[in-house]
Amino acid sequence: MDLTCTEEEEDFRARLRAWLGKVLPELPARPSPDDWPGRRAYDLGWQRRLYEAGYAGLHWPVDAGGRGATPTQHLIFLEETERAGAPYVGANFVGLLHAGPTIAAEGTAEQRVRWLPPVLRGDEVWCQGFSEPDAGSDLASLRTRAVRDGDDYVVTGSKIWTSHAEVADWCELLVRTDPEASKHRGISWLAMPMDAPGVTVRPLRTLAGSTEFAEMFLDEVRIPVANRVGAENDGWRVTMVTLSFERGTAFVGEVVACRRTLGELARTAKANGRWDDPVLRRRLGRLYGEFGALWRLTQWNVSESEGSGGVPGIGGSVFKLAYSHARQELYDVAAEVLGAASLSLEEEWTLDRLSSLSYTIAAGTSQIQQNIVAERILGLPKGR
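Fair warning: this is a prediction, and the values are worked out from it, not measured in the lab.

## Topic: the pairing of strand S7 (residues 213–224)
The sheet contact formed by strand S3 (residues 152–159) and S7 spans seven bridges and is antiparallel. Each residue of the ladder has a partner; that of Val155, found in S7, is Val221. Of the pairings in the sheet, the one linking strand S6 (residues 199–204) to S7 comprises six bridges and is antiparallel in character. Within S7, the residue paired with Val201 across the bridge is Met216.

## Points about helix H1 (residues 7–23)
The end-to-end C-alpha distance of H1, which contains 17 residues, comes to 24 Å, matching closely the 24 Å that a straight helix rising 1.5 Å per residue would cover. Considered for burial, the residues of H1 that qualify are Glu9, Phe12, Arg13, Leu16, Trp19, Leu20 and Val23. Projection of H1 onto a plane perpendicular to its axis shows the buried side chains occupying an angular sector of 135°, all on one side. Among the exposed residues of H1, those pointing more than 90 degrees away from its buried face are Glu7, Ala18, Gly21 and Lys22. Where H1 is buried, its residues meet helix H2 (36–53) and helix H3 (71–83).

## Focus on the environment of Glu124
Within the element layout of this structure, Glu124 appears in the loop between helix H5 (109–121) and strand S1 (126–129). Counting along the chain gives 80 residues from Glu124 to Leu44, while the straight-line C-alpha distance between them is 8.0 Å. At 3.1 Å, the side chain of Glu124 forms a polar contact with the side chain of Arg114. Among the polar contacts made by the side chain of Glu124, one reaches the side chain of Trp170 at a distance of 3.2 Å.

## Side note on unusual backbone geometry
For Trp161, which is not glycine, the phi torsion reads 60° and is therefore positive. Mapped onto the fold, Trp161 is located in the loop between S3 and strand S4 (170–176).

## A look at the packing of H2 against H5
Interaxial distance between H2 and H5 falls to 7 Å at its minimum, and their mutual angle equals 100°. In terms of axis orientation, H2 runs roughly perpendicular to H5. Counting all contacts with H2, which are made through Gln47, Arg48 and Tyr51, the residues of H5 involved are Val119, Leu120 and Arg121. Classifying every residue of the contact of H2 with H5 gives three nonpolar, one polar and two charged.

## Here we look at the pattern of salt bridges
For the coordinates displayed, the defined rule picks out 27 salt bridges. The closest approach of N and O atoms between Glu232 and Arg148, which form a salt bridge, is 3.7 Å. Taken together, the residues span a long stretch of sequence, with Glu232 in the loop between strand S8 (228–229) and helix H6 (235–248) and Arg148 in strand S2 (residues 145–149) at a distance of 84 residues. Assessed through its relative accessible area of 33%, Glu232 is described here as partly exposed. When its relative accessible area of 46% is taken as the criterion, Arg148 is described as partly exposed. A salt bridge links Glu329 to Arg283, with the shortest nitrogen-to-oxygen separation between them at 3.9 Å. Here Glu329, found in helix H9 (residues 315–338), pairs with Arg283, found in helix H8 (residues 278–307); they are 46 residues apart in sequence, far enough to count as distant. Classification of Arg283 as partly exposed rests on a relative accessible area of 23%. Connected through shared salt-bridge partners, Arg274, Asp277, Arg283, Arg286, Glu290, Glu329 and Glu336 make up one network.

## Digging into the nonpolar core
Nonpolar side chains tend toward joint burial in soluble globular proteins. The biggest cluster of nonpolar side chains holds 67 residues, and the ones touching the most others in it are Trp19, Trp46, Tyr55, Phe77, Trp126, Trp189 and Phe291. Tallying contributions element by element places H9 first for this core, with eight residues. The contact partners of Tyr55, leaving out residues within four places of it in the chain, are Phe12, Arg15, Leu16, Trp19, Leu50, Arg67 and Phe77.

## Description of H2
Its 18 residues place the ends of H2 26 Å apart at the C-alpha level, agreeing with the 26 Å of an ideal helix rising 1.5 Å per residue. Residues of H2 that are buried: Trp36, Gly38, Arg40, Tyr42, Asp43, Leu44, Trp46, Gln47 and Leu50. Regarding H2, its N-cap is Asp35, as a side-chain oxygen of that residue lies 3.0 Å from the backbone nitrogen of Gly38 further along. The positive-phi residue at the C-terminal boundary of H2 is Gly54, with phi of around 85°.

## Regarding the confidence of the model for the chain
For the chain, the mean per-residue pLDDT works out to 84, and 81% of the residues sit at or above 70. S8 holds the highest mean pLDDT among the elements of the chain, 98, whereas helix H11 (residues 366–377) holds the lowest, 65.

## Looking at the pairing of S4
Each regular strand displays side chains that alternate between the two surfaces of the sheet. Extensive coverage of S4 is indicated by the burial of seven of its seven residues. As paired elements, S1 and S4 share four bridges and run parallel to each other. Bridge pairing in S4 places Trp126 opposite Trp170. Alignment of S4 against strand S5 (residues 187–193), held across seven bridges, turns out to be antiparallel. Its bridge partner being in S5, Val175 is matched across the sheet by Ser188.

What counts and what doesn't
- Residues numbered from 1 in each chain as written.
- Predicted model: local features only at pLDDT ≥ 70, side-chain atom pairs only at ≥ 80, totals over all residues.
- Heavy atoms only, no water.
- Pairing = 2+ DSSP bridges.
- Helix = DSSP H or I, 4+ residues; strand = E, 2+ residues; numbered from the N terminus.
- Expected span 1.5 Å × (residues − 1).
- Buried < 20%, exposed > 50% of the residue type's maximum accessible area, 1.4 Å probe, protein only.
- Arc of directions from axis to C-beta.
- Contact = heavy atoms within 4.5 Å.
- Polar contact = N/O pair within 3.5 Å; in protein donor to acceptor, adjacent residues only side chain to side chain.
- Axes fitted to C-alpha atoms, helices over the stretch in contact; angles between N-to-C directions.
- Parallel < 35°, antiparallel > 145°, perpendicular 65-115°, else oblique.
- Nonpolar A, V, L, I, M, F, W, Y, C, P; charged D, E, K, R; others polar.
- Salt bridge = Lys/Arg side-chain N within 4 Å of Asp/Glu carboxyl O.
- Core = buried A, V, L, I, M, F, W, Y, C linked by side-chain atoms within 4.5 Å.
- pLDDT = per-residue confidence, 0-100.

Right under this line is the structure:
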């Protein structure tokens, strides 16, 4: 891994910092968390600004519409946008960080042309239709059925925890195309238009009161065979590509955010008298070291993905496992620093703390990540 900044990369940082300083004050006010049409418009508007300035899909391959930036430029972009308080990807999360990179890596030329430019321009939003009500953490046990009928698949089943389904135009959907095959071999990855007849979306309200997840019911939905990414029944392999992006590089901006949060916590503790507690100081110091190590691991993962055609390796599971638990502890410490104020749902800290509880489940539970690390990295035998 060589992430030493060149003169060109330092110039890139300076130009990006100057652009952010100019454009961020011009942004409209952020919409209410409950205003999903408003949030979609806000997030797409920010994505359009990035696109017009040449920062959209910075690290995507050039033939996928990106700039083919170096790993260091990608990390500089994440550092500078986070430190400047720029908007996060928001409703564009699945398209930019999951579906888009998967299509760039596995899609046909026609599929790239159809789906990638609208994601980069901020024209279309994607959601993720992977999890199912009765599958738990065993994604491969999904039962949503796709039956071939001429040039279409006819899909029936249901999904849960469908991220951003309320405002999505497309869904990265996993379906079972061969019920007789072993559970990992009979799956296909489809791009489903959310306005297709037979699609019903019911928002789910989380503990924090938000509705970024939904149930999704599919009643004989017709999806063109041309919308299949990868070969029929090869969807599990394609899914592993998607999950490698989700676990390996999708959280990198959040590591920068957590490091900034640690600094804010230290300043708050000094202001309210909590800094005198040596136990608290040790916890903050240990977390500072842990997030510093996670940032180095992030750099390694991003650099490795560049050397392997843009697809992160299984080291993403190491990162995801460590990051999810570190983030939970970070907000436990935040509650300790803030005291009674941390109990108010009006406080952003409280909402972040509640959100942190989901990280050991989202993108593969910690138990799943432990199995991957044990079996694929350490070479330990599979558990019975």
